[in-house]
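# Structural overview for review
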Amino acid sequence: FCSFIASIWAFSMKFKDQLRCLFWLLQKDVKLKWRSKRNLCGLFLFAASVALLFSVSTLAKPGLGQSFYPLALQISMLFASVLSTGRAFEAETALDAQTAVLMTALPFWTVLLSKILVQTLECSLVALFLAFLLSLGLHVPLHWGAMGLQSVQILLCTLGLSALAVPLRFLSIQSRLAES
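Notes on the structure follow. Predicted model only: the values in this text are computed from it and were never measured. (Residues numbered from 1 in each chain as written. Predicted model: local features only at pLDDT ≥ 70, side-chain atom pairs only at ≥ 80, totals over all residues. Heavy atoms only, no water.)

### Focus: the overall build of the protein
In terms of regular secondary structure, the protein is built from six helices and zero strands. Reading the helices (α) and strands (β) of the protein from amino to carboxyl end gives α-α-α-α-α-α. Taking as baseline every contact in the protein between residues at least 6 positions apart, the subset at least 24 positions apart corresponds to 87%. Put simply, the protein shows about 10,900 Å² of open surface, and 75% of that area lies on carbon and sulfur atoms. (Helix = DSSP H or I, 4+ residues; strand = E, 2+ residues; numbered from the N terminus. Contact = heavy atoms within 4.5 Å. Areas by Shrake-Rupley, 256 points an atom, 1.4 Å probe, with all protein chains shown as cover.)

### Side note on the side chain of Ser76
Note that Ser76 resides in helix α3 (residues 64-94). In this structure the side chain of Ser76 is engaged in a polar contact, spanning 2.6 Å, whose partner is the backbone oxygen of Ala72. For Ser76, the residues in contact, after removing those within four places along its chain, are Phe46, Val50, Phe54, Leu130 and Leu134. (Polar contact = N/O pair within 3.5 Å; in protein donor to acceptor, adjacent residues only side chain to side chain.)

### Observations regarding the environment of Tyr69
Its place among the elements puts Tyr69 in helix α3. Overall, the relative accessible area of 6% leaves Tyr69 in the buried class. Residues Tyr69 and Phe54, spaced 15 residues apart in sequence, show a C-alpha to C-alpha distance of 8.8 Å. In contact with Tyr69, not counting residues within four places along its chain, are Ala131, Leu134, Ser135, Leu138, Val140, Leu142 and Gln150. (Buried < 20%, exposed > 50% of the residue type's maximum accessible area, 1.4 Å probe, protein only.)

### Some remarks on the nonpolar core
Of all hydrophobic cores here, the largest spans 20 residues; its most connected members are Tyr69, Leu73, Met77, Leu130, Leu134, Leu138 and Ile154. Taken together, the elements giving at least two residues each to this core come down to α2 (37-57), α3, α5 (108-137) and α6 (144-179). Ignoring sequence-local partners within four residues, the contact set of Leu134 consists of Ala51, Phe54, Tyr69, Ala72, Leu73, Ser76 and His139. Core analysis: the second largest hydrophobic core is formed by eight residues, Leu25, Val111, Leu112 and Ile116 among them. (Core = buried A, V, L, I, M, F, W, Y, C linked by side-chain atoms within 4.5 Å.)

### Quick word on the packing of α2 against α5
Between α2 and α5, the shortest axis-to-axis distance is 9 Å and the interhelical angle comes to 25°. Of the possible angle classes, the one that applies to α2 and α5 is roughly parallel. By crossing handedness, the relation of α2 to α5 is classed as right-handed. Two secondary-structure elements touch here, α2 through Leu40, Leu43, Phe44, Ala47, Ala48, Ala51, Phe54 and Ser55 and α5 through Glu122, Leu125, Val126, Phe129, Leu130, Leu133, Leu134 and Gly137. (Axes fitted to C-alpha atoms, helices over the stretch in contact; angles between N-to-C directions. Parallel < 35°, antiparallel > 145°, perpendicular 65-115°, else oblique. Left-handed = near helix turned anticlockwise from the far one by under 90°.)

### Regarding α5
The end-to-end C-alpha distance of α5 is 43 Å, a good match for the 44 Å that 30 residues give at a rise of 1.5 Å each. Looking one or two places after α5, you find His139, whose phi comes out positive at around 60°. (Expected span 1.5 Å × (residues − 1).)

### Some words on the packing of aromatic side chains
The geometry of an aromatic ring pair comes down to the distance between the two centres and the angle between the two planes. In this structure the tally under the stated criterion is one aromatic pair. With a centroid separation of 5.1 Å and 85° between ring planes, the pair formed by Phe44 and Phe129 is classed as edge-to-face. Of the two residues, Phe44 sits in helix α2 while Phe129 sits in helix α5, which places them 85 residues apart along the sequence. Owing to a relative accessible area of 31%, Phe129 belongs among the partly exposed residues under this scheme. (Phe/Tyr/Trp six-rings, centres within 6.5 Å; stacked < 30°, edge-to-face > 60°.)

### Let's talk about the environment of Val30
Following the sequence through the fold, Val30 ends up in helix α1 (residues 2-35). Spatially, the C-alpha atoms of Val30 and Leu117 are 10.0 Å apart, while their sequence positions differ by 87 residues.

### Here's the deal with α2
The end-to-end C-alpha separation of α2 is 30 Å, in line with the 30 Å expected for 21 residues at 1.5 Å each. Here α2 has its buried residues at Asn39, Gly42, Leu43, Ala47, Val50, Ala51, Phe54 and Ser55.

Quick look at the structure:
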């Protein structure tokens, strides 16, 4: 019984250290995102141009905007998350920060989870901005109840896109490290 308690204690201390690493990585990633405001401004500019493009394309038929809104939002979120993921890893590759983090003894799940969380946060902010611009451009009325549901949909969609894109990007980085 005492050995069981000791093993649980050791596991909890190890998990506590891994959570500390996760918070350190989250701080590093958020600081890096904040330092490279140009990328975030570029994403918001991309969202504005896509919203303008979709709103101009539906001017011919007045009722088309409301039926086209969900598709326009999903397509725009997909493109914005791909652009965001690419730019995030470019900034870290330029600083060799990603290689340094992967070469350390940090648990891989903490590195992966911190990247996924930061990408989800960034893509969600851009997607909420995009949803607002698209609703204005496509003349879709926004209600508080619908906006809450749409925010949850945006969060889940960006989480799924980040959970798909980030590990693929890590695989490409690790294959390049193995070659060199």
